[in-house]
Amino acid sequence: MIHNSLKQLSQALAAKEISSVELTTLYLDRIARLNPEINAFVTVDRDKSLQMAQDADARLAAGTAGPLTGIPVAQKDIFCAEGWTTTCGSKMLANFVSPYDATVIRKMHAEAGLVSLGKTNMDEFAMGSSNETSYFGPVKNPWDLSRVPGGSSGGSAAAVAARLAPAATGTDTGGSIRQPAALCNLTGLKPTYGVVSRYGMIAFASSLDQAGPMAASAEDCALLLNTMTGFDERDSTSLDRPAEDYARALDQPLAGLRIGLPREFFGEGCSAEVMAAVQAAIREYEKLGATTVEVSLPNSHLSVPAYYVIAPAEASSNLSRFDGVRYGYRAPEYGSLDDMYAKTRAQGFGAEVKRRILIGAYVLSHGYYDAYYLQAQRIRRLIANDFAEAFKACDVILGPTSPSTAFKLGEKAADPVQMYLSDIYTIAVNLAGLPGMSIPCGFAGGLPVGLQLVGNYFAEAQLLNVAHRYQLATDWHQRRPAGLD
Ligand code: GLN
């Protein structure tokens, strides 16, 4: 049962082969057994989960269930969920219990009837690529417990890879769904900016943050995405568009599909073994009837530097709310009000978060704003224009998700720039606001390799189709880590 797809679980629930309470118990027991080693979940609340499962069973019995009602999921701990501790991986929020639901949580739980298995570990305030910046300790990669699962959605990725949950949510500001999906052999999708509401999702860099599904397959991601999207008047950047069924095009043949291969993604910077798996995937797509065309994203080498101006600038503003006054951590001993702010923030934030706040405050300050922030915004526009030009020649863009497979715990922790380069292929997609996916495409030294697919605005259904056809022809996404059953 734990290896079943969401569709199979949905059919089993509908046929009354298993109840949601039984299914949820199965996963909760597995979490109790394996989580102490993997550290994928920071909060589990058995009673709450089982209550949700009971409610789902009532809906299934009453005939008011949706397609995913009763299926358990893991929620990244960046989403506010009423009555659940919501930490965002930080000491600052270690004891914060949310009084309300994020829109994603409300839609998935109250509307779609999914059952929460708990909140997953993550890099502090989603800043990181290895899950090592979490206040709650690192997460271990189920494929090799001495390695990182990627980040910032590392807990969600490890939870699904170890089958502690059939699927999970993640968020992606510069790669945080796609890179951990790649490192843990999962399928993950970052939607077009504005498709999923950010209300109640703790803000890192508001113009880049976007939530999306992480699961074993493109089909699972499509079903999950169906429960997450939609206009939300509480998010001023939410887009008012007609509802879509993201699974509608899954089976379409790929004959005639034009795949763009950006010259810049196939040069140096990527490990040879990752590149070999990506090249094999290209040959597979050609067998499926696609054609390839070389395209160029000439400004993509500027995406990491531009991102590390824009994202910290927005973060420094967003994180100013954590001041020890209204909620969250407050230093136990202080003198004046200023001293209370200073001590609270000095004690409540970890080193990476402080580094981002300092960079952000610096690039926004008088005298540097034009030189850094404004310049980065101009580069952002150039990067978006590059994609627009490339999409004149192709339907989807393909390349590696991450330049390497999962690295050792501690290997890059002391070198922020090395860590930042984990996202060289993913960040441009956020800067342009485009949808992007990572899908499993092979192994190198026993570790999973991810293939990135990038679509034009609102091309989620097409991306899922391109991923699904590949998954029908290959079995990389069905491989599971050994030794965890
Ligand atoms: N690794 C990138 C960072 O540290 C991206 C994180 C994310 O997408 N949330 O900012």
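Reference entry: report on the structure contained in this document.

Right, let's get into the site of the ligand. In the vicinity of the ligand lie 15 residues, with Thr173, Gly174, Ser176, Tyr307 and Asp423 positioned nearest. Between Ala126 and the ligand, the recorded distance is 2.9 Å, taken from a backbone N or O atom to a nitrogen atom. In the environment of the ligand, an oxygen atom lies 2.8 Å from a nitrogen or oxygen atom belonging to the side chain of Arg356. Tallied by class, the residues present in the shell around the ligand amount to five nonpolar, seven polar and three charged.

All right, on to the packing of helix H9 (residues 303-318) against helix H12 (residues 369-390) then. Their axes nearest at 9 Å, the elements H9 and H12 cross at an angle of 125°. If you check the angle between H9 and H12, you find them oblique. When you trace H9 past H12, the crossing you get is left-handed. For the pair H9 and H12, the contacting residues are Ser303, Ala306, Val309, Ile310, Ala313 and Glu314 in the first and Tyr372, Tyr373, Ala376, Gln377, Ile379, Arg380 and Ile383 in the second. Among the residues making up the contact of H9 with H12, the classes are represented as nine nonpolar, two polar and two charged.

Here we come to the pattern of salt bridges. Applying the stated rule across the entire model yields 20 salt bridges. A salt bridge links Asp77 to Lys119; the nearest nitrogen and oxygen atoms lie 2.8 Å apart. Within this pair, whereas Asp77 is found in the loop between strand S2 (72-76) and helix H4 (103-111), its partner Lys119 is found in strand S3 (residues 115-120), the two being separated by 42 residues in sequence. Classification of Asp77 as buried rests on a relative accessible area of 0%. Lys343 is paired through a salt bridge with Asp339; the nearest N and O atoms lie 2.8 Å apart.

So, about the environment of Ala388. Relative to the helices and strands, Ala388 is located in helix H12. Residues Ala388 and Ser238 lie 150 residues apart in sequence; the distance between their C-alpha atoms is 22 Å.

So, on to the nonpolar core. Phe125, Tyr285, Phe387, Leu453 and Leu464 are the most contacted members of the largest nonpolar core, which has 149 residues in total. For this core, the element with the most residues is H9, which contributes nine residues. With residues near it in sequence (within four places) discarded, Leu453 still touches Tyr285, Ile397, Leu398, Pro435, Gly436, Met437, Ile439, Leu463, Val466 and Ala467.

This part takes up a nonpolar patch on the surface. Residues Tyr362, Tyr368 and Tyr372 make up a contiguous nonpolar surface patch of roughly 280 Å² in combined accessible area. Looking at the element boundaries, Tyr372 is found in helix H12. According to the relative accessible area criterion, Tyr372 is partly exposed, its value standing at 34%.

The full count for this structure, using the stated rule, is 17 aromatic pairs. If you follow Lys48 out to its NZ or CZ, it ends over the ring of Trp84, 5.8 Å from the centre. Across the ring face of Phe407, the terminal group of Lys412 is positioned such that the distance to the ring centre comes to 4.4 Å.

With that settled, consider helix H3 (residues 46-62). Along an α-helix, residues three or four positions apart point the same way, because every turn accommodates 3.6 residues. With 17 residues, H3 should cover 24 Å at 1.5 Å per step; its first-to-last C-alpha distance of 24 Å lies within 8% of that length. For H3, the complete set of buried residues consists of Ser49, Ala53, Ala56, Asp57 and Leu60. All buried residues of H3 project into a common sector of 105° when viewed along the axis, lining one side. Opposite the packed face of H3, turned more than 90 degrees from it, sit the exposed residues Asp47, Ala61 and Ala62. The inward-facing, buried residues of H3 abut helix H1 (6-14), helix H2 (20-38) and S3. Just beyond H3, the residue with positive phi is Gly63, at close to 75°.

Calculation criteria
- Residues numbered from 1 in each chain as written.
- Predicted model: local features only at pLDDT ≥ 70, side-chain atom pairs only at ≥ 80, totals over all residues.
- Heavy atoms only, no water.
- Near = heavy atom within 4 Å.
- Polar contact = N/O pair within 3.5 Å; in protein donor to acceptor, adjacent residues only side chain to side chain.
- Nonpolar A, V, L, I, M, F, W, Y, C, P; charged D, E, K, R; others polar.
- Axes fitted to C-alpha atoms, helices over the stretch in contact; angles between N-to-C directions.
- Helix = DSSP H or I, 4+ residues; strand = E, 2+ residues; numbered from the N terminus.
- Parallel < 35°, antiparallel > 145°, perpendicular 65-115°, else oblique.
- Left-handed = near helix turned anticlockwise from the far one by under 90°.
- Contact = heavy atoms within 4.5 Å.
- Salt bridge = Lys/Arg side-chain N within 4 Å of Asp/Glu carboxyl O.
- Buried < 20%, exposed > 50% of the residue type's maximum accessible area, 1.4 Å probe, protein only.
- Core = buried A, V, L, I, M, F, W, Y, C linked by side-chain atoms within 4.5 Å.
- Patch = residues over 30% accessible without salt bridge, like charges linked within 9 Å, V, L, I, M, F, W, Y side chains within 5 Å.
- Areas by Shrake-Rupley, 256 points an atom, 1.4 Å probe, with all protein chains shown as cover.
- Phe/Tyr/Trp six-rings, centres within 6.5 Å; stacked < 30°, edge-to-face > 60°.
- Lys NZ or Arg CZ within 6 Å of the ring centre and 35° of its normal.
- Expected span 1.5 Å × (residues − 1).
- Arc of directions from axis to C-beta.

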